[in-house]
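Survey of secondary and tertiary structure
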Amino acid sequence: MCGIVGYIGNKKASPILINGLLRLEYRGYDSAGIATMEENQIVVMKNKGRVNNLNQLAGINDLKGTLGIAHTRWATHGKPSNENSHPQTDNSNEFAVVHNGIIENYHELREFLKENGYYFVSQTDTEVIPNLIDYYYKKENNLLKAVSMTCKDLKGSFALEILSKYEPDKMIVTRKDSPLVIGKGNGENYIASDIPAILSYTKDFYFLDDNEIVELTNKDVKFYNLDLEPISKQIKVIDWGTSSAEKDGYDDFMLKEINEQPSAIRGTIGAKLDNGNIEFENLNFNKEYLESIKKIYIVACGTAMHAGLVAKTLFEKMCKIPTEVDIASEFRYREPLIDEKTLCIYISQSGETADTIAALKLAKQNNAKTIAISNVIGSSITREADYSIYTHAGPEIAVASTKAYTSQVVLLSVLGIYFAEILERVYNQEIDELKQEILNLPSKIEETLKCCKDIKKFANKVYKETDMFFLGRGTDYAVCLEGSLKLKEISYIHSEGYASGELKHGPIALIENGVTVISVITNSNLVDKTISNVQEVITRGAKVLAITSENLGDLGFDTVIKIPKTNKLISPILSVIPLQFLAYYISKEKGLDVDKPRNLAKSVTVE
Ligand code: AGP
């Protein structure tokens, strides 16, 4: 998805902008550009392709302006091209705009502007914005007013940075349904769509809410609502270390993030399980309320949804509350049965996923209580939800989610145990044993990470395959879906995750000599059942990698990866690690860009 960076201060803006764009490369993009204010004139430089190409354009090093905006574009309206890249300007190059999001009524606005003498050089939805600002500026002679009037005309989602040659010492930024943060420096201010872009400059952040407009100068940050009434905002200090957004000697962010999982999980558990009952700073549920809950919905997208699938088993077993897991893009349109007796939990690493946020708003409209689980403090979803809890896993940069998944499963598990303690529907011993197993996780993850060499060898054998199958039962099935997604995302190999018991109902027709099957076997009550399914594929010539905490004996597997034993309700936190390594090493063998897989973006801020 598109990325935004901005700077206003006393330093040369262009290197700061380029550096910020490089840090946002992980979001996925196909063109890049910057605009700086050069002696009261806007200079735009942009091109199709990588930020490094932009940085090599003739003249870019001569830019001296101390105020600038920058963008990486992920094409939606109009193919990747120089004309369609941002910044977009008005017809007279007096206003420059970068935009994340989609303007749904751009066609109508184009027609209106054409009737008023404007013309268009790009196919973007964005180009209407600088022209509309120009249209209103001619009436109002005031940039802030022109932007506010423009925003009132826009339908859709947007995060905007705006420069004008008429007010060359200022920048205006605003947002609706698309993230934007402001980093406060000393006599300078930074703007970004994502914290990591500017984390090396400041830890003090303002998080914009929808329909807020900000006027920035070197020294001042003034906030207004859409009617331009002043509002006040608090700074939030982000405690991520600067190196957390660096590769730190690893080849790729994904490899770093896989290896960070012991410390990420320590961060997630924090002090919650230290002594006595679990407490969440931001939650205050009582027994009466929890007993009134008839259903829990866990709603999310992609990997976050897979984390929900693991938690479903735990919530039903420990809390005795029926729990449904739903894909956010489906949930929001299928008229789910929600009322005040429904508790809705939304998971989003980035906290900016458009479908998940929309699904949360739906629950609020239907009087359900909502909990957001996110990794990003102050992110959009946390500002919409009734309650927010954080995974504290540190920034995740690689597009393929790894430590976010495990930290989400851990946090959901702790949340489930917190409810179980209040509800008293299971024996204390069961709760205590699970708590202890969660506390043991960081050291068991460290042990599990040692499988990387064996997985690398297996990856070397199978990286040329075109199809793979992941089989498991119970929570092992849930982790198979995640393993399969990881493989698809970064190795471009087609794969399917199946509940082993479903094999005979269709998928076994695909098993033939030499096919690769990954079998996850950690749910001890289901070992015999899973093994008999796996034997069926071995008999038909499949090459099987088994990931297990059990002693399976010699059953004809190609490779067996032994992982530590833990409670089956949380075993995916360990069994996913070999699956993450498998996707990673296959992608490396194929020479692919692990951190920035094709067509994908780190946070999906549009529908
Ligand atoms: C995971 O590897 C994916 N990149 C993707 O499925 C991701 O989990 C999904 O887009 C949800 O993102 P979120 O957690 O930021 O909402």
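The rules behind these values
Residues numbered from 1 in each chain as written. Predicted model: local features only at pLDDT ≥ 70, side-chain atom pairs only at ≥ 80, totals over all residues. Heavy atoms only, no water. Pairing = 2+ DSSP bridges. Helix = DSSP H or I, 4+ residues; strand = E, 2+ residues; numbered from the N terminus. Axes fitted to C-alpha atoms, helices over the stretch in contact; angles between N-to-C directions. Contact = heavy atoms within 4.5 Å. Near = heavy atom within 4 Å. Polar contact = N/O pair within 3.5 Å; in protein donor to acceptor, adjacent residues only side chain to side chain. Areas by Shrake-Rupley, 256 points an atom, 1.4 Å probe, with all protein chains shown as cover. 1 Å grid on protein atoms, 1.4 Å probe; cavity = no way out; pocket = protein on both sides within 12 Å on 5 of 7 lines; lining within 4 Å. Sits in = over half its atoms within 2 Å of the grid points. Nonpolar A, V, L, I, M, F, W, Y, C, P; charged D, E, K, R; others polar. Buried < 20%, exposed > 50% of the residue type's maximum accessible area, 1.4 Å probe, protein only. Core = buried A, V, L, I, M, F, W, Y, C linked by side-chain atoms within 4.5 Å. Points joined across faces, edges and corners; volume = space filled by probe spheres on them. Domains from an automatic or database assignment.

**What to know about the sheet that holds strand E16 (residues 295–300)**
Strands in a sheet are paired, the pairing made by backbone hydrogen bonds, and the direction either parallel or antiparallel. Ordered in space as E17-E16-E18-E19-E20, the five strands form an open sheet in which the pairing is parallel. The open sheet terminates on both sides in strands that have one partner only, identified here as strand E17 (323–327) and strand E20 (387–390). Between one strand axis and the next, the sheet turns through 20° on average, direction left out of account. Relative to strand E19 (residues 369–374), strand E18 (residues 342–348) runs parallel, the two sharing six bridges. Each residue of the ladder has a partner; that of Tyr346, found in E19, is Ala372. Helix-sheet contacts for helix H11 (residues 354–365) involve E16, E18 and E19, and the interaxial angle to E18 is about 165°. Packing of helix H13 (residues 403–423) onto the sheet brings it into contact with E18, E19 and E20, and relative to E18 it is tilted by some 160°.

**Quick word on the site of the ligand**
Neighbouring the ligand are 14 residues; Ser348, Gln349, Ser350, Thr353 and Glu489 lie closest to it. In this structure, an oxygen atom belonging to the ligand sits 2.6 Å away from a side-chain N or O atom of Ser350. The contact in question runs from an oxygen atom of the ligand to an N or O atom on the side chain of Glu489, over 2.7 Å. Protein contact buries 90% of the 410 Å² of open area that the ligand shows by itself. Among the detected pockets, the ligand sits in the largest pocket. Those elements giving two or more residues to the shell around the ligand turn out to be helix H9 (302–319) and helix H16 (475–491). Here the residues of the shell around the ligand are counted per class, giving five nonpolar, seven polar and two charged.

**Observations concerning helix H1 (residues 13–23)**
Of all 11 residues in H1, eight are buried; the element is thus mostly enclosed. When H1 is considered as a whole, its buried residues turn out to be Ala13, Ser14, Ile16, Leu17, Ile18, Gly20, Leu21 and Arg23. Looking at the buried side of H1, the elements it contacts are strand E1 (3–8), strand E2 (31–38), helix H2 (51–54), strand E4 (67–73) and strand E10 (189–192).

**Details of the nonpolar core**
Ile34, Phe285, Phe315, Ile345, Leu415 and Phe419 are the most contacted members of the largest nonpolar core, which totals 122 residues. A total of 13 residues in this core trace back to one element, the largest contributor, which is H13. Among the nonpolar cores identified, the runner-up in size contains 27 residues, and Leu132, Leu143, Ile213 and Leu226 belong to it.

**A short note on the layout of surface pockets**
Looking at the largest pocket, its volume works out to about 550 Å³. Taken together, 29 residues form the lining of the largest pocket, with Cys301, Gly302, Ala601, Lys602 and Val604 sitting closest to its centre. Secondary-structure elements contributing two or more residues to the lining of the largest pocket are H9, E18, H11 and H16. Classifying every residue of the lining of the largest pocket gives 12 nonpolar, 11 polar and six charged. Two domains share the lining of the largest pocket, each providing at least three of its residues, namely domain 2 (248–439) and domain 3 (449–589). Forming the walls of the second largest pocket are 23 residues, and the residues nearest its centre are Ser157, Asp177, Ala354, Lys361 and Thr605. Elements represented by at least two residues in the lining of the second largest pocket include exactly strand E7 (156–164), strand E8 (171–176), H11 and helix H12 (380–384). Residues of the lining of the second largest pocket, tallied by class, amount to six nonpolar, five polar and 12 charged. Per-domain counts for the lining of the second largest pocket show at least three residues from each of domain 1 (3–243) and domain 2 (248–439).

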